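# Geometric and topological summary
The lines below spell out each chain.
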Amino acid sequence: VMKLNPQQAPLYGDSVITVQLTEEDKVEDDVVFYLVFTGSTVQHCTSTRKINPGSLETISPGHDCCETVKVALCASREGHPVLVVAEESFQFVQDEVYDAAQFLATCAGNQQALNFTRFLDRSRPPAADVDFWDEKVALAFRHLKLPAEWNVLGAEQSLTENIPRETLMHFAVRLGLLRLAWFLLQQPGGRGALSIPNNEGATPVSLALERGYQKLHQLLTEEGAREPDSWSTLSHTVHSGDYSVKHHRGLGVYLLTAEA
């Protein structure tokens with residue numbers, strides 16, 4: 001039996017999983033271990049890296065639905081058949097970050113909901129937590145299947161006139177969410193949102209300046225500003241038909257996802 005820690009991961013993936021090997025699995029150096037996650041419609045295969053003789057590390061894949069999947073630990077060695085060494089179950093869950101991303105995506109043009117998010121400003125998490133939340137919410141947003149007509153300013157295109165209003169970009173800037181702001185900038189309506197004043201006359205750009213968020217201000221105003229460092233810049237994904245391969249440079253781990 002192997003132990004997986006944790007035994008669950010959010011749908012959007014990209015969290016670190018540690019695999020504890022049992023005594024009999026602590027084998028020679030030339031054995032390569034990988035994990036195979038089998039879901040109802042999707043299968044993932046991840047490479048691992050050895051931390052010490054008894055444990056491995058990998059990255060959880062992003063999955064297509066909430067469910068319990070089977071995980072097989074496979075060992076391969078040159079000239080030998082691939083062995084399934086151990087099996088364990090693993091759960092993909094929708095966490096509060098994913099809920100938050102879904103809520104934000106659906107309330108893009110909804111003034112009541114966006115004004116409601118302003119109360120978060122008064123209970124702003126400490127800086128270290130902001131970084132963590134920013135990372136996770138941006139990941140979750142990337143994983144959402146946003147409809148083709150989705151727009152940062154909401155689906156109502158009549159909103160494109162400069163009526164003072166709250167936007168998702170105001171939300172991201174107010175909380176200092178650098179990576180979420182970057183993600184929104186790449187979406188339809190993202191650039192347009194930068195010059196929209198809210199009821200106090202603050203645009204996302206002026207808000208960033210007023211709050212002293214220099215990096216964020218640069219991101220919103222500089223030509224050719226680069227994506228802030230994050231898991232998404234540390235990992236590179238290539239899609240081909242029903243397959244995608246992701247290389248996580250931080251850990252040197254590869255993930256292959258295939259529609260079963």
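Calculation criteria
- Residues numbered from 1 in each chain as written.
- Predicted model: local features only at pLDDT ≥ 70, side-chain atom pairs only at ≥ 80, totals over all residues.
- Heavy atoms only, no water.
- Pairing = 2+ DSSP bridges.
- Helix = DSSP H or I, 4+ residues; strand = E, 2+ residues; numbered from the N terminus.
- Axes fitted to C-alpha atoms, helices over the stretch in contact; angles between N-to-C directions.
- Patch = residues over 30% accessible without salt bridge, like charges linked within 9 Å, V, L, I, M, F, W, Y side chains within 5 Å.
- Areas by Shrake-Rupley, 256 points an atom, 1.4 Å probe, with all protein chains shown as cover.
- Salt bridge = Lys/Arg side-chain N within 4 Å of Asp/Glu carboxyl O.
- Buried < 20%, exposed > 50% of the residue type's maximum accessible area, 1.4 Å probe, protein only.
- Domains from an automatic or database assignment.
- Contact = heavy atoms within 4.5 Å.
- Buried area = accessible area lost by both parts, 1.4 Å probe.
- Polar contact = N/O pair within 3.5 Å; in protein donor to acceptor, adjacent residues only side chain to side chain.
- Nonpolar A, V, L, I, M, F, W, Y, C, P; charged D, E, K, R; others polar.

As annotated in an unreviewed UniProt entry, the protein chain carries the name AKP13 protein and is attributed to Irena cyanogastra.

## A look at the sheet that holds strand 8 (residues 67-76)
Ordered by their spatial adjacency, eight strands build an open sheet running 2-9-8-4-5-12-11-10, and the pairing between neighbours is mixed. At either end of the open sheet lies a strand with only one pairing partner, and these are strand 2 (8-10) and strand 10 (235-240). Looking at each pair of strands side by side, their axes are set apart by 25° on average, direction ignored. Both strand 5 (residues 42-47) and strand 12 (residues 253-259) contribute to a ladder of five bridges, which runs antiparallel. Residue pairing in the sheet places Cys-45 in a bridge with Leu-256 of strand 12.

## Topic: a nonpolar patch on the surface
On the surface, a nonpolar cluster with roughly 450 Å² of combined accessible area is contributed by Val-238, Tyr-243, Val-245, Tyr-254 and Leu-256. Among the structural elements, Val-245 can be located in strand 11 (residues 243-248). Residue classification places Val-245 among the partly exposed positions, given a relative accessible area of 35%.

## A word on the domain arrangement of the protein chain
Each assigned domain of the protein chain is listed with its residue range as follows: domain 1 (3-94 + 234-259) and domain 2 (96-221). The gap between the C-alpha centroids of domain 1 and domain 2 is 33 Å. Between domain 1 and domain 2, the contact holds eight residues from the first and nine residues from the second. If you sort the residues of domain 1 by the area they bury against domain 2, Tyr-12, Asp-14 and Gln-94 come out on top, with a joint share of 79%. At the boundary of domain 1 with domain 2, the tally comes to zero salt bridges. Across the domain 1-domain 2 interface, the total number found is four residue pairs in polar contact (both at pLDDT 80 or more). Taken together, the residues of the side of domain 1 that touches domain 2 break down into two nonpolar, five polar and one charged.

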